[in-house]
Amino acid sequence: CLLLARAMGKLQSKISFHTTKYRADGSVGQTGPAAASQQHSPAHTDAVTSVAALKPDLCVSGGRDKSVAVSSWRSGAALRRFIGHEREVTKVTSALDSNRVFSASRDKTVMMWELHRTSGPSQHFPGHDLVVTGLAVSPDASQLCTGSRDNTVCKWDTETGECLGRAAISRNLVTHLCWVPGEPYVIQTSEDKTTRVWDSRELQVAHTFPAKQHIQTCCDVSQDGRYCLSCSSGSAGHGAEATLWDLRQTRGRVCEYKGHFQTTTSCVFLPRGPTLAPSIATSSSDSTVKVWDQNTAGRG
C-alpha cells in the first residue's frame, strides 16, 4: 500500500505568513486498531486530486477544496489539514518517512508543510507562470523539482526556498514528475507525448524516450531504479496504454500494457512479495484499475 499510494496516484524567499490565510488544523494523534471502528468525516469537501505516502501509517492528500490533509491508513481519520493555497491542489508528495509534505496548486505555487508545525507553510516556492502539474522531492528531502504547463521544470532548495535552476522546453507541458530512488535523475511526462529523464544536478535532459501517439499522463519508477513506467491518454480503445522503459544503458521500450478503453490516468509499480511476480497497476477514466504481470503484460 505504501508504494501504491506513492504514485496514485517539488527565488529565494523568507516570507512572513499570515496565520489567518495559512493555517494547519488539527493535530497528529494516535493511530492504531483501537480507532478502526470510529466514524470519520471525509478528509476533503470536494474531489481528491492527489494522494501520496507519508509514513507507514499515514498518507497525504490534496483536493479541489484547496486543502492538504494528512490521514491515518489504519483508522481512516484525517489527523491534520493544511490551508493556504488559493486554488485547487493539483499534486502532493513527500520524502518517505519524513515530516515534510509538499503541495502544488493551480495558484502557480508550491508549499512545504511540516507535520508538527502549528502555523502556516514552512516554505513557499513561487516562480511558475501557470498551474503546477509536477512535483518530485529528492530522497533526503533537500531538493525539490517542479513542473508546470508553462513548459518549465524548476529545481529548488527546500531549506532556503531558493530556485537553483529553471529549464524551459517548447511545448513541454508537464503532466507528472518522479525522482529515481538513489539517483540524481527525475522522470517527467508531458503533453508533447514524450517521457524525459532529467539530470537534476545541472537540470538538463539526459535522455528522451521515443514519442508515443498520445499525451503521457503519469510516470513511476521501480524501487531498484532500473525501470520507469509512463501511461497514455486515449479513447474508444485507442491509446490508453502503459509503457515500461529500461533506465539502464539500453534505455529502450521493454513492454506495453494494453486493455483500457479510455485515458490511463496513473500507473504504479506494486510492492514485490517473496512469492509474487513483479507487477504493475494502472487506473483509467474507463472506471477500472488493472493489475499486470510486469514481464508478460498479462493481467492478474
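Rules of the game
- Residues numbered from 1 in each chain as written.
- Predicted model: local features only at pLDDT ≥ 70, side-chain atom pairs only at ≥ 80, totals over all residues.
- Heavy atoms only, no water.
- Helix = DSSP H or I, 4+ residues; strand = E, 2+ residues; numbered from the N terminus.
- Areas by Shrake-Rupley, 256 points an atom, 1.4 Å probe, with all protein chains shown as cover.
- Pairing = 2+ DSSP bridges.
- Axes fitted to C-alpha atoms, helices over the stretch in contact; angles between N-to-C directions.
- Buried < 20%, exposed > 50% of the residue type's maximum accessible area, 1.4 Å probe, protein only.
- Contact = heavy atoms within 4.5 Å.
- Polar contact = N/O pair within 3.5 Å; in protein donor to acceptor, adjacent residues only side chain to side chain.

The name an unreviewed UniProt entry gives the protein chain is WDR31 protein, with Donacobius atricapilla as the organism.

(A) Up close: the overall build of the protein chain. Helices and strands together make up the secondary structure of the protein chain, namely 1 helix and 26 strands. With the model as given, the accessible surface of the protein chain reaches about 13400 Å², and the carbon-plus-sulfur share is 48%.

(B) A look at the sheet that holds strand S15 (residues 185–190). One open sheet accounts for 4 strands, arranged S14-S15-S16-S17; its pairing is antiparallel. Among the strands making up the open sheet, the edge pair consists of strand S14 (174–179) and strand S17 (204–208). Direction aside, the axes of adjacent strands within the sheet are offset by 30° on average. Of the strand pairs in this sheet, S14 and S15 are connected by 5 bridges, and their pairing is antiparallel. Paired with Trp179 across the strands is Val186, a residue of S15.

(C) Region of interest: the environment of Asp97. With respect to the helices, strands and loops of the structure, Asp97 is situated in the loop between strand S6 (89–94) and strand S7 (100–105). In this structure Asp97 comes out as exposed when scored by relative accessible area, which is 52%. C-alpha separation for the pair Asp97 and Pro139, spaced 42 residues apart in sequence, amounts to 9.9 Å. Other than its neighbours up to four places away in sequence, Asp97 contacts Leu54, Lys55 and Pro56.

(D) Structural context of the side chain of Thr175. Checked against the element boundaries, Thr175 lands in strand S14. Classification of Thr175 as buried rests on a relative accessible area of 13%. Among the polar contacts made by the side chain of Thr175, one reaches the side chain of Thr189 at a distance of 2.7 Å. Beyond its immediate sequence surroundings of up to four residues, Thr175 is in contact with Lys91, Thr133, Thr189, Ser190, Glu191, Ile215, Gln216, Thr217 and Cys218.

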